[in-house]
Every structure is written in C-alpha cells, then in structure tokens.
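Summary of the model geometry
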Amino acid sequence: MKPQRSPLFPIFLFVLINLFIFSLSRLGLALWQADRVSAVEGWVALFVQGIRIDVVALCYLFGVPALLTVLFHSSELWKKILRAWLTLGSVFILFMEIATPAFIETYDFRPNRLFIEYLIYPKEVFTMLMEGHQSAVIFGLVFTVLATVIYWKISGWAVKDLRPMSWKWRPVVALLVIAVSFLGARSTLQHRGINPAMVAFSSDALVNSLVLNSGYSVLYAAQQFKDEENSSAVYGKMDTDEMLRIIKAVRGRPESDYISDKFPTLTQNIATYQGKPKNIVILLQESLGAQFIGALGGKPLSPNIDKLAKEGWFFENLYATGTRSVRGIEAVTTGFTPTPARAVVKLNNAQSDFFTIADFLAKQGYDTSFIYGGEKHFDNMASFFYGNGFKTIIDQQDYNNPKFTATWGVSDEDLFDKAHETFSKLQDEGKPFFSLVFSSSHHDPFEFPDGKIELYEQPKATRNNTAKYADYAIGHFFELAKKSNYWKDTIFLVIADHDSRVAGAQLMPIKHFHIPALILGEGIEPRRDSRLVSQIDIPTTLLSLAGGQGNYPMIGFDLTKNVDPDRAIMQFDQTQALMKSNGDVVIQMPNKAAQGYYYDKTKATLTEKTVPEEMKKEALAYALLGSYLYKNRLYQLEDKSEKRP
C-alpha cells in the first residue's frame, strides 16, 4: 500500500521550497552589497524582517489554493489546477529574483513599479537588454525554463497519493487555513496590515528594499496604481485650506494675484520681457546629471556645455524632481509638483485639459512641437502631448536616412539636425514657436556613432563616453543655431531630465538629483546662479524671458524676479524630500512620521537633525498639493466663468 500524504502536503512543500529560494537570493544580494548592509548594521534585521515579508508573500500566493485544496483535494481536475498554480507561482518568484541583480545595478533598488511600466514597451526594453545585458538575459531565460520543468515534475509528485479528509473535518481545517493565511498575510494585529515602510529599518533605501522579495515588491507597486489619485495620502493628512495657505505663503505673492475661486493656484503673471514674443526651445537631455558636467564639479566630459555656460544663465544649484524621464517632462513642461504616483504624463486625468506651457503658448499663437529621436508612443508621451497643446510630434519614423540609429532611436546629432531644420522653416513662416527636443543617446546600452569624440574610457559603450557624446551633440546644435535665422528670436534651455543611475546608501540620494540647466539666447546676460531652485521653477522663468504672460496654475518661481525659492522637492520611488539651502532636509516615507536631516553637500551625506515643525508642514503641503490638484482636475488654464471681477 502506497503511503498517503496530507492534502496540504503540496502547499507545505512549495512554501518551504520558496522560502529557501527567497532566503538564498537575499543572502546572495546581501553579500554582494555587504558594505552597505554592514554600514547600517543591518544583517539581523535584514533576515528577520525578510522572512516575515516572505511569509506574507507566500500566504497571499498560496492561501487560496490551500483553502481550495482542503475542500477539493480528491478532485483530479483540482489537482491539475493546483499543479499549474504551484508551478507558475514558484516560477514567478524565481524569475523575479533572477531579474533582481540587473535591476539593482541600474536603479539601486529591487524591482518596483518601474519594472511594471517597462513591460508595456517590450520591443525597446528587450533590445536594450540584449545589447547591454545579453548574458544576464540568456542565463535568466534558460534558468527559468529549466525551473519550470523541474517545478512541474515536483508538483506532479507532490499531488499524488493524498490522504482523503472526512467532510466533517474539512470546514474546521478550512477555517484554520483561512485564519493562518489571513494573519500571515497581514503579519500584524494592528489596524493596518504590513507594508514596506513597516519593515524599513535603515537610512539606506537599497538595504530596506533587500528586506522585501522582488515578487512582493512588484505586486505591492501594482496594487498602489489604483490609489494614484490619493497617492500622497501615505505621507499624512492636512486640511486643504491649510495646505493652500502654506503653499501661497511660501511663494510670497499677494492674494490679489490669485484670480480664480475654482483653481486655487491659478495666478496672473506679468513677464519680465515685454518685447516681441520670443521662441522657446527646450533641449531636454537624457540622464545628463551634474556628475557629468565639468562646470558643476563633475567629470571632464562636457567641454561644450562648459563653454556655453560662460555665455548664458547657468544654474549651479538646481535639482530634479525625480528619477524618470516622464518626471522631468512633467516638471519642465507643466511645472507640476512630484507625487508618489506616476508622472502625470501617464495618468488618465491628465491626458487632456491639463496645463502645459505648450497649451498656454498655443493659445497665444505659437506653433508647438515635440521632437524626439525614438518612438513617440514610449512612456505614453504621444497621448499626453497631443492632448495638451502640442500640435506636432516628430519621432523616429520621420527621419530620412539618419546617420546613426541605436536601440532608443536616432542619434542626438540626427535629432538636432532635424530640430534645426524644423526651426529654420518655422522662422521663415514668421510664427513664434515652442519646441521640446528630447535626446536619447545617453541611455543604456549607450550606443553612439564612432569617430565623434575622444573616448574618456574603455570600452566604448559606457555612461561616461556617451555623456561626452551627448555634450558633443549639444555643441553641434549650437554651432548650427548661432548661424541660423531663428537665433536672435529664441530662448534656449539646456536641462537634464534626471541624473543617470540615481543611487546611494541613503534614503534620499540627493547628490544624484543635482542637474545642469543653462539658458541661452540673444539678450541673455552671462551669469552663474547659485540660488537653490527646482525643475518646477524653470517653465515659469522661460515664459517670463520670452514674453509669455497671462494666467496659469504653476507654483514655480519666476527666477527673473528678485526672489529666492530656497527649496528643492525630490521624489525617489515612494520617498519625498524637501531641502533648504541651509542643508535642512525633511524626508517623508509612506505611513511614517516625517524625519529631519542635515545634508552636507560637500560630503554628500545625510545626518539626522531636528528641523522646525513649520518646515515639516511645508514639506507635507508640497507633497499633498499634486494629488489634490490632479484628483480634482484643478490644474488647468483659466476658467473664465470663475474669474474674479
């Protein structure tokens, strides 16, 4: 007679297998990052809290099949379903752990919402992986296929010879399974179930993410998508009137400037420049952080930008709002404050009737365009731009015989040649124009044409070499622009969307939010600006320089005025920081009290510090504002019916 196993044996077996996989992966990752784990004395907490999260994940994954197994274990159909469930669930767990090292190398974090967002663009992402991470991709695919076969065979053996359970015992055991799964999934008796913030214990965001497992991290991020309208609520609560009062007080503008009872941030704005309206061109540079700019103390990779910095208005202390291109686009085209949600470029309520400077200028008679070397559908850019004031989009399919085509599109030289051609034609037509020109060469897998630069290092395909090529392409564009028919009538902005590989052993790697920004054009006096400013201050400043005055909802400062913003707002995954020029920083994490720090810019370190309660309130107001305006569709151009007399 064959031995008979408990009906729950297959579940127990796969729970143990996956606990082993989780622990082995976490151990490997921790040894890889041993210096950072040791720096925060995190070895014990990492594994104790890690097992806790693993149990949570397995209760979610296998709680339902455990219950159904108790009820239907004698059914052959259910055994087949159970085998598939155990196999696919375990393969998912293993695949996510295999994918983790490459993700950490790029983002300094376990797979999170970015992992999900990139799945929408398989062509671009797969090409990038095959070009830059081929061995890791091949290993991952082979190992996943082998694991699928092995798991399928193990599950087949596990579901054989299950001992029948009496129907009178099944309800009792089922209730016990429900109780264990429920408590295991919550992992706490408090009113709020476990979440990543509960197991975060250190000042290093990567180490905190190692506590999680990658499957849990990704599924938790997916669950958060449904809460995007209220994403900032994780930081705390504040009365709407108080939030708006704080935001307005920080800006220092009179109440009479606020012209709408419906749209709380809509203000009347007078441009500093009062002549013939000027064109505006934004050259948004992919991943070109301060670390690549010699004039900002970075590596000697930017001779062209360094030279141009002496000819225009150069910002020495400007910080990005985020770590993704869409967040940079959000900042420089809409002036919108960052939130824990995805950038508004991707959010449903922002696909039309959402303020952009393109829409504002289009209503003032400007031709508006987005010029890109890649495919316009990426990151939902086409939908957002077409719906919010951009008349024309030029993307990869519009380039005839480009000089060089890479994974993410044509080279920056091709991009700037197309931009120059477009601007020359528009200038001949006598119509003012606004254009966002978005580069792509400085992106993993770092492909650019040969013979353009003297390589900074070997091999060729590195961040540093590609940054130097991006700078070369900028120099190429301005050689064309200075000889063009549009030069004297145009304000140019060169600015990064974010830094490359934002990482660091801190909750908020502030050093990697420091980016260059340079305004050039006829009449722009050379100067180096040391004020602490944010990306959201740039669009208001551009409009003022170009003569674009009128009513808009942006809360950024017009830097042509005698103002000192004295703040930078930064979003790093689910963490937001507000920094002041004296080094005081408030960091907010989900479901945790705001914490004060001091940032030493020279050493790029954060040290805990008591900061004024008023600053914590200001940080919370900034954090809540974006979600409030987005949810209630209040970030729009003037509604005339609401205008005050």
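Residues numbered from 1 in each chain as written. Predicted model: local features only at pLDDT ≥ 70, side-chain atom pairs only at ≥ 80, totals over all residues. Heavy atoms only, no water.

A separate point is the overall build of the chain. A count of helical and extended segments in the chain gives 20 helices and 18 strands. Computed over C-alpha atoms, the radius of gyration of the chain comes to 27 Å, within 12% of the 26 Å expected from 2.2 N^0.38 for 645 residues, which places it in the range of a compact globule. Overall size of the chain, expressed as C-alpha extent along the three principal axes, is 95 × 60 × 45 Å. Within the chain, the fraction of its 645 residues that count as buried is 59%. Pairs at least 24 residues apart make up 74% of the contacts formed inside the chain by residues separated by at least 6 positions. Separation between the mean location of the 67 positive side-chain charges and that of the 67 negative ones in the chain comes to 7 Å. (Helix = DSSP H or I, 4+ residues; strand = E, 2+ residues; numbered from the N terminus. Rg over C-alpha atoms; globule rule 2.2 N^0.38 Å. Buried < 20%, exposed > 50% of the residue type's maximum accessible area, 1.4 Å probe, protein only. Contact = heavy atoms within 4.5 Å. Lys, Arg positive; Asp, Glu negative; His and termini not counted. Charge placed at Lys NZ, Arg CZ, Asp CG, Glu CD.)

Before going further, it helps to spend a moment on the confidence of the model for the chain. Mean pLDDT over the chain stands at 92; residues scoring 70 or higher make up 96%. Under a pLDDT of 50 for its full length, residues 640-645 has, in the predicted model, twelve contacts with residues more than four places off or in other chains. (pLDDT = per-residue confidence, 0-100.)

Turning to unusual backbone geometry, a few remarks are in order. Following Asp444, the chain continues into Pro445 via a peptide bond in cis, with omega recorded as 20 degrees. Structurally, Pro445 can be placed in the loop between strand 8 (433-438) and helix 18 (463-482). Cis peptide bonds are those with omega within 30 degrees of zero, and the linkage from Gln458 to Pro459 qualifies with 0 degrees. Inspection of the secondary structure puts Pro459 in the loop between strand 8 and helix 18. Of note in this structure, Ser287 is not a glycine but carries a positive phi near 60 degrees. Secondary-structure assignment places Ser287 in the loop between strand 2 (279-285) and helix 13 (303-309). The phi dihedral of Ala604 is positive, around 55 degrees, even though this residue is not glycine. For Ala604, the location among the structural elements is in the loop between strand 17 (595-600) and strand 18 (605-608).

Every α-helix winds through 3.6 residues per turn, so residues three or four apart in the chain are directed the same way. Taking 1.5 Å of rise per residue, the 32 residues of helix 4 (residues 76-107) would be expected to cover 46 Å, and the 45 Å separating its terminal C-alpha atoms lies within 8% of that figure. Considering bend angle alone, the principal kink of helix 4 is centred on Thr100 and spans about 40 degrees; proline Pro101 follows within four residues of it. Two to three positions downstream of the cap, the backbone nitrogen of Leu77 sits 3.3 Å from a side-chain oxygen, assigning the N-cap of helix 4 to Ser75. Once helix 4 ends, the next one or two residues include Asp108, with phi positive near 60 degrees. (Expected span 1.5 Å × (residues − 1). Bend = angle between axes of the 7 residues up to and from the residue. Polar contact = N/O pair within 3.5 Å; in protein donor to acceptor, adjacent residues only side chain to side chain.)

Interhelical geometry of helix 12 (residues 240-251) versus helix 20 (residues 613-631) gives an angle of 110 degrees and a closest axis separation of 9 Å. Between helix 12 and helix 20, the angle is such that the two are roughly perpendicular. Like other packed secondary-structure pairs, helix 12 and helix 20 cross with a definite hand, here left-handed. Residues Thr240, Glu242, Met243, Leu244, Ile246, Ile247 and Val250 of helix 12 touch helix 20, and the partners they reach there are Lys617, Glu618, Ala621, Tyr622, Leu624, Leu625 and Tyr628. (Axes fitted to C-alpha atoms, helices over the stretch in contact; angles between N-to-C directions. Parallel < 35°, antiparallel > 145°, perpendicular 65-115°, else oblique. Left-handed = near helix turned anticlockwise from the far one by under 90°.)

The next thing to look at is helix 8 (residues 170-186). Here helix 8 is 17 residues long and its end C-alpha atoms lie 24 Å apart, about the 24 Å a rise of 1.5 Å per residue gives. On its buried face, helix 8 is in contact with helix 3 (43-72). Of the residues flanking the end of helix 8, it is Ser187, one or two places downstream, whose phi is positive at about 60 degrees.

Across four bridges, the pairing between strand 16 (residues 584-588) and strand 17 is antiparallel. Residue pairing across strands places Ile587 opposite Gln595, the latter belonging to strand 17. If you look at the hairpin formed by strand 16 and strand 17, you'll find six residues sitting between the two strands, and Asn591 has a positive phi there, around 60 degrees. Bridge analysis of strand 17 against strand 18 gives four bridges, and the strand direction is antiparallel. Bridging from a neighbouring strand, Tyr597 pairs with Glu608 of strand 18. Between strand 17 and strand 18, which pair antiparallel and follow one another directly, the connecting turn spans four residues, one of which, Ala604, has a positive phi of 55 degrees. (Pairing = 2+ DSSP bridges.)

Moving on, we get to a nonpolar patch on the surface. Together, Ile138, Val142, Leu146 and Ile150 line one region of the surface with nonpolar side chains, adding up to about 360 Å² of accessible area. Note on placement: Ile150 falls in helix 7 (residues 134-158). Ile150 gets classed as partly exposed once you look at its relative accessible area, which sits at 48%. (Patch = residues over 30% accessible without salt bridge, like charges linked within 9 Å, V, L, I, M, F, W, Y side chains within 5 Å. Areas by Shrake-Rupley, 256 points an atom, 1.4 Å probe, with all protein chains shown as cover. Salt bridge = Lys/Arg side-chain N within 4 Å of Asp/Glu carboxyl O.)

Scanning all chains against the criterion turns up 26 salt bridges. A salt bridge links Asp379 to Lys346; its shortest N-O distance comes to 2.9 Å. Separated by 33 residues along the polypeptide, Asp379 in the loop between strand 4 (367-372) and helix 16 (381-387) and Lys346 in the loop between helix 14 (325-334) and helix 15 (357-362) bring together distant segments of the chain. In this structure, Arg527 and Asp529 form a salt bridge, with 3.5 Å as the shortest nitrogen-oxygen distance. Several salt bridges share partner residues, and in doing so they unite Arg36, Asp108 and Asp204 into one network.

Take the packing of helix 1 (residues 9-32) against helix 4 next. Following both chains from N to C, one finds helix 1 and helix 4 inclined at 5 degrees, their axes separated by 11 Å at the closest point. Judged on the interaxial angle alone, helix 4 and helix 1 are roughly parallel. Here Pro10, Ile11, Phe14, Asn18, Ile21, Phe22, Ser25, Leu29 and Trp32 of helix 1 lie close against helix 4, whose contacting residues are Leu82, Leu86, Ser90, Ile93, Leu94, Glu97, Thr100, Pro101, Ile104 and Glu105. Here the contact of helix 1 with helix 4 is composed, by residue class, of 13 nonpolar, four polar and two charged. (Nonpolar A, V, L, I, M, F, W, Y, C, P; charged D, E, K, R; others polar.)

All right, on to the sheet that holds strand 17 then. Across the sheet, which stays open at both edges, the five strands sit in the order 14-15-16-17-18 with antiparallel pairing between neighbours. Strand pairing shows two members of the sheet lacking a second neighbour, strand 14 (568-572) and strand 18, which therefore form its edges. For this sheet the average axis-to-axis angle between neighbouring strands, irrespective of direction, equals 30 degrees. Together, strand 14, strand 15 (575-579), strand 16 and strand 17 form the strand contacts of helix 20, whose direction differs from that of strand 16 by roughly 50 degrees.

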